[in-house]
Amino acid sequence: ANAKDVIVDAADDELTAIPAGYAVIKDGKMAGILGLDTARGVSILQNKLKSCYTELSVDGQNTAVLMDKCDCEIDSEKREISIKLSATLAETKGEVQIERLNLALENAAEKWVKAALDATEIYGCDFIGIEKPDYASYNINVSAEVGRSFDIENTEGEE
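Every value quoted in this text rests on a predicted model; they were computed, and no experiment measured them. (Residues numbered from 1 in each chain as written. Predicted model: local features only at pLDDT ≥ 70, side-chain atom pairs only at ≥ 80, totals over all residues. Heavy atoms only, no water.)

## Side note on a nonpolar patch on the surface
Taken together, the side chains of Ile25, Met30 and Ile33 make up a nonpolar region of the molecular surface, amounting to roughly 350 Å² of accessible area. Here isoleucine 33 falls in the exposed class, since its relative accessible area comes to 58%. (Patch = residues over 30% accessible without salt bridge, like charges linked within 9 Å, V, L, I, M, F, W, Y side chains within 5 Å. Areas by Shrake-Rupley, 256 points an atom, 1.4 Å probe, with all protein chains shown as cover. Salt bridge = Lys/Arg side-chain N within 4 Å of Asp/Glu carboxyl O. Buried < 20%, exposed > 50% of the residue type's maximum accessible area, 1.4 Å probe, protein only.)

Here it is as structure tokens:
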């Protein structure tokens with residue numbers, strides 16, 4: 001991205017950095033770095049996931065989706081994390097079944113969230129504000145719905 005599109009005072013040839021994760025600061029010092037997938041998990045848990053692309057593998061085929069909505073509810077009494085994601089199909093090189101794509105996004109999001117919860121143990125910090133949460137006992141339920149950004153109808157031969 002050109003920085004001029006994002007920052008008004010940027011020089012014409014400056015580039016904009018794209019975040020690759022989060023730094024974890026503890027007691028005023030950097031304790032570690034969360035990679036992109038773990039950072040996505042933190043963003044999901046905090047309901048702060050911004051519109052972003054992610055690449056998924058569906059039946060051995062790479063497919064890109066644009067994630068646009070996230071709703072995460074955490075029930076500490078029932079020890080449940082419920083996540084609803086929506087996304088739009090952005091790019092694929094062949095046919096892909098939406099149900100399989102939904103499942104791939106659900107599996108990816110569950111992996112990201114588990115990585116974020118593991119990071120809370122590793123760094124001794126809590127990204128979602130539950131005192132002594134015992135995340136290992138939580139059930140994570142993810143539902144994802146990927147829509148298509150366009151429909152093309154075959155009108156060949158119709159008059």
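Having seen the structure, we can now continue with the description.
## Brief notes about the sheet that holds strand β6 (residues 139-148)
Picture the strands of a sheet paired through backbone hydrogen bonds; they go either parallel or antiparallel. With respect to topology, four strands assemble into an open sheet ordered β3-β4-β5-β6, the strand pairing being mixed. Single-partner strands in this sheet number two, and they are β3 (52-58) and β6. Pairs of neighbouring strands in the sheet enclose a mean axial angle of 40°, with direction left out of account. With seven bridges connecting them, β3 and strand β4 (residues 61-75) associate as antiparallel partners. The partner of tyrosine 53 across the bridge, within β4, is leucine 66. Its contacts with the sheet place helix α1 (residues 36-45) against β3, β4 and β5 (80-92), and it is angled at close to 40° to β4. (Pairing = 2+ DSSP bridges. Helix = DSSP H or I, 4+ residues; strand = E, 2+ residues; numbered from the N terminus. Axes fitted to C-alpha atoms, helices over the stretch in contact; angles between N-to-C directions. Contact = heavy atoms within 4.5 Å.)

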